[in-house]
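# Residue-level structure breakdown
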Amino acid sequence: MSAPTQAIPELRGFLHGLPGVDRVGAEARVATLASRSIKTTAKQWALDMAISMIDLTTLEGQDTPGKVRALCAKAKRPDPADPTAPMVAAVCVYPDLAHVAAAELKGSGIHVASVATAFPSGRTSLEVKLADVKYAVSAGADEVDMVIDRGAFLAGDYQLVFDEIAAVKEACGTAHLKVILETGELVTLDNVRRASWLAMLAGADFIKTSTGKVTPAATLPVTLVMLEAVRDFRESHGRQVGVKPAGGIRTAKDAIRYLVLVNETAGEDWLDPRWFRLGASSLLNDLLMQRTKMMTGRYSGPDYFTLD
């Protein structure tokens, strides 16, 4: 795990010197890609790839240890009748339930992800945020999903945002850091590009669209801008960073559109759960239903797969 990049001189000048985003062009680009037809063999591969990229998530106030255990069981064996269905990439929970997920997933190869830093608002002191991160990691999380201070970012205090990300990265130790930009609150695609670069410069291992608590959450144009950012960042800095759209991705058709976007924007190197994730709770069931349809020629009943 590489150390966070040091703050660059004139951070504001660098971020505002990034090329502007053509919103109309971005929307036209994703509309074109979304309309592509996928051959049957490619679709079969895409369904399995999408399943393997899911961060199976429960982030509700009513979450219980029992619910997390059930989610972990589903993560390990998504389709009880078909052992060939791939496992998901991670299970994402609140910090106080990370130890439950860690115990259930031990030895499975599935990652334990925990939100932190006063998710979803991020409105607390840095001291509390760092304590939240250390608590999650000590409980067994090997991935931490932090939220940036959107208020500071929108006020132009980029150095504060940079310093917080760098401090959280250090607190993560060996755990991977996913930085949630909460793009629905950033308003413009130019801000999405700036926030993406800011997070990567500060040491993010992944950049993530959303908490799932704000509308709009993940969108194809926003993800396009983020994929362009990680592609260009690797070219200029020699370090690959992952991307995670999260929130509102509910159907297999949606998931495949994101995979096409990844392939056509960042390239095949990102078509891997190590570099691209889908934050979701209900998506998995639709992927499994489409997978069963392709294998058997018929859909499973609506009560065949567990509800999350």
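Residues numbered from 1 in each chain as written. Predicted model: local features only at pLDDT ≥ 70, side-chain atom pairs only at ≥ 80, totals over all residues. Heavy atoms only, no water.

Quick look at helix α2 (residues 23-34) now. Side chains that are three or four residues apart share a direction in an α-helix, a result of its 3.6 residues per turn. Compared with an ideal rise of 1.5 Å per residue, which puts 12 residues at 16 Å, α2 spans 16 Å between its outermost C-alpha atoms and is within 8% of the ideal. When we look at burial in α2, the residues that qualify are Ala26, Val30 and Leu33. Along α2, the residues classed as buried sweep out an arc of 60 degrees about the axis, all on the same side. Looking at the packing, one finds that the buried side of α2 touches α9 (189-201), α10 (220-237) and α11 (252-265). (Helix = DSSP H or I, 4+ residues; strand = E, 2+ residues; numbered from the N terminus. Expected span 1.5 Å × (residues − 1). Buried < 20%, exposed > 50% of the residue type's maximum accessible area, 1.4 Å probe, protein only. Arc of directions from axis to C-beta. Contact = heavy atoms within 4.5 Å.)

Here we come to α10. Spanning 18 residues, α10 covers 25 Å between terminal C-alpha atoms, matching the ideal 26 Å at 1.5 Å per step. The complete set of buried residues in α10 reads Leu220, Pro221, Val222, Thr223, Leu224, Val225, Met226, Leu227, Glu228, Ala229, Val230 and Phe233. Taken together, the buried residues of α10 touch α2, α9, β6 (206-208), β7 (242-244) and α11. For α10, the N-terminal cap is Thr219; the gap from its side-chain oxygen to the backbone nitrogen of Val222 is 3.3 Å. Of the residues one or two after α10, Gly238 is the one with positive phi, at around 70 degrees. (Polar contact = N/O pair within 3.5 Å; in protein donor to acceptor, adjacent residues only side chain to side chain.)

On to the side chain of Asn191. Assignment of secondary structure puts Asn191 in helix α9. Engagement of the side chain of Asn191 in a polar contact is seen with the side chain of Arg194, the distance being 3.3 Å. Those residues in contact with Asn191 that lie beyond four places of it in its chain are Phe153, Leu154 and Leu186.

Moving on to the side chain of Gln240. Tracing the backbone shows Gln240 in the loop between α10 and β7. Each residue touching Gln240, except ones within four places of it in the same chain, is listed here: Arg234, Asp269, Trp270 and Trp275.

In a structure, side chains of opposite charge can pair up when their charged atoms sit close to one another. The tally for this structure, following the rule as stated, stands at 24 salt bridges. Between Asp254 and Arg257 there is a salt bridge, with its nearest N and O atoms 3.8 Å apart. Here Asp254 and its partner Arg257 are both found in helix α11, 3 residues apart, which amounts to about one turn of the helix. We classify Arg257 as partly exposed; its relative accessible area is 31%. Within the structure, one salt-bridge network assembled from shared partners comprises Asp55, Glu143, Asp145, Lys178, Lys208, Lys244 and Arg277. (Salt bridge = Lys/Arg side-chain N within 4 Å of Asp/Glu carboxyl O.)

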